[in-house]
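The primary structure of each chain is shown beneath.
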Amino acid sequence: MDVLINVFVALHIIGIASLLGGFLTQMKAMGAGTARFGPAMLHGALVMLVTGVALVGLNQADDQTVNNLKIGIKLGILVVILALVYVKRDEEQVDKGAFAAVGALTTANIFIATLWT
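This section reports on the structure supplied with the text. (Residues numbered from 1 in each chain as written. Predicted model: local features only at pLDDT ≥ 70, side-chain atom pairs only at ≥ 80, totals over all residues. Heavy atoms only, no water.)

### Comments concerning the overall build of the protein
Quick reminder of the rule: Runs of E in the DSSP output that reach at least two residues are strands. Runs of H or I that reach at least four are helices, and both are numbered from the N terminus. In this description the radius of gyration comes from C-alpha coordinates, and the expected globular size is given by 2.2 Å times residues to the power 0.38. To sort residues, take the accessible area from a 1.4 Å probe on protein chains only and compare it with the maximum for the residue type: under 20% means buried, over 50% means exposed, and anything in between is partly exposed. Residue-level accessible areas treat just the shown protein chains as cover; the underlying method is Shrake-Rupley with a 1.4 Å probe. The charge count treats Lys and Arg as positive and Asp and Glu as negative. His and the chain ends do not count. Every charge is mapped onto a representative atom, which is NZ of Lys, CZ of Arg, CG of Asp or CD of Glu.
From N to C terminus, the protein includes 5 helices and 0 strands. Its helices and strands taken in sequence order, the protein reads α-α-α-α-α from the N to the C terminus. Its C-alpha atoms give the protein a radius of gyration of 15 Å, near enough to 13 Å, the size a compact globule of 117 residues would have. For the protein, with 117 residues in total, the buried portion stands at 32%. For the protein, the accessible surface area stands at approximately 6600 Å², while carbon and sulfur atoms represent 69% of it. Put simply, the protein has 7 plus and 7 minus side-chain charges, and the middle of one group is 11 Å from the middle of the other.

### Examining the packing of helix α1 (residues 2-25) against helix α3 (residues 39-61)
Worth spelling out the cut-off: Fitted lines through C-alpha atoms serve as axes, helices being fitted only where they are in contact, and the angles separating the N-to-C directions of these axes extend from 0 to 180 degrees. For this classification, under 35 degrees means roughly parallel, over 145 means roughly antiparallel, 65 to 115 means roughly perpendicular, and everything else is oblique. For a crossing to be left-handed, the near helix must be turned anticlockwise from the far one by less than a right angle; the clockwise case is right-handed. Residues are treated as being in contact if the distance between any of their heavy atoms lies within 4.5 Å. Classification used: nonpolar for Ala, Val, Leu, Ile, Met, Phe, Trp, Tyr, Cys and Pro, charged for Asp, Glu, Lys and Arg, polar for all others including Gly.
Put simply, α1 and α3 touch, their axes get as near as 8 Å, and they point 155° apart. Classified by the angle between their axes, α1 and α3 sit roughly antiparallel to one another. Once α1 is placed against α3, the crossing between them reads as left-handed. Here Leu4, Ile5, Phe8, Val9, Leu11, His12, Gly15, Ile16, Ser18, Leu19, Gly22 and Phe23 of α1 lie close against α3, whose contacting residues are Ala40, Met41, Gly44, Ala45, Val47, Met48, Thr51, Gly52, Ala54, Leu55, Leu58 and Asn59. Across the contact of α1 with α3, the residue classes break down as 16 nonpolar, 8 polar and no charged.

### Points about α1
The following threshold applies: A helix is expected to span 1.5 Å for every residue after the first.
Along its 24 residues, α1 runs 34 Å from first to last C-alpha, staying within 8% of the 34 Å computed at 1.5 Å per residue. Residues of α1 that are buried: Ile5, His12, Gly15, Ile16, Leu19, Gly22 and Phe23. As for α1, its buried residues are in contact with α2 (27-32), α3, α4 (68-87) and α5 (96-115).

### Examining α3
With 23 residues, α3 extends 33 Å between its outermost C-alpha atoms, agreeing within 8% with the 33 Å of an ideal straight helix rising 1.5 Å per residue. Where α3 is concerned, the buried positions are Met41, Leu42, Gly44, Ala45, Met48, Thr51, Gly52, Leu55, Val56, Leu58 and Asn59. Tucked into the core, α3 has its buried residues touching α1, α4 and α5. Taken from the residues just after α3, Asp63 is the one with a positive phi, measuring 60°.

### Considerations on the environment of Leu19
Residue placement: Leu19 occurs in helix α1. Taking the relative accessible area as the measure of exposure, Leu19 reaches 0% and is therefore buried. Here the alpha-carbon distance between Leu19 and Thr51, two residues 32 residues apart in the chain, equals 14 Å. Those residues in contact with Leu19 that sit more than four places away from it in its chain are Ala40, Met41, Gly44, Ala45, Met48, Ile81, Val102 and Thr106.

Here it is as structure tokens:
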């Protein structure tokens with residue numbers, strides 16, 4: 001079970017790297033007002049959602065303690081990120097506020113995951 005959990009953790013990290021990497025590559029465009037949400041950002045957020053749900057299920061099946069409050073907050077943040085990216089994915093230009101919000105929420109999710117023990 002540990003190997004399976006670790007595989008899903010690795011996939012979860014790949015998803016967050018895709019989402020955050022897509023944001024970081026658009027930082028210069030955001031300054032110019034021409035940033036847009038790329039497919040990698042949407043797919044990264046979806047990978048995070050699927051692997052995160054799987055990780056909760058696998059950890060509970062392995063009788064490990066799961067902090068439901070932490071998971072609920074992270075899920076809520078991810079749903080907001082997914083909503084923003086999904087709704088505005090086809091727009092040629094995304095306003096700076098929405099784009100910056102996705103970056104800030106993604107960063108907040110990372111800090112919650114790593115610092116909340």
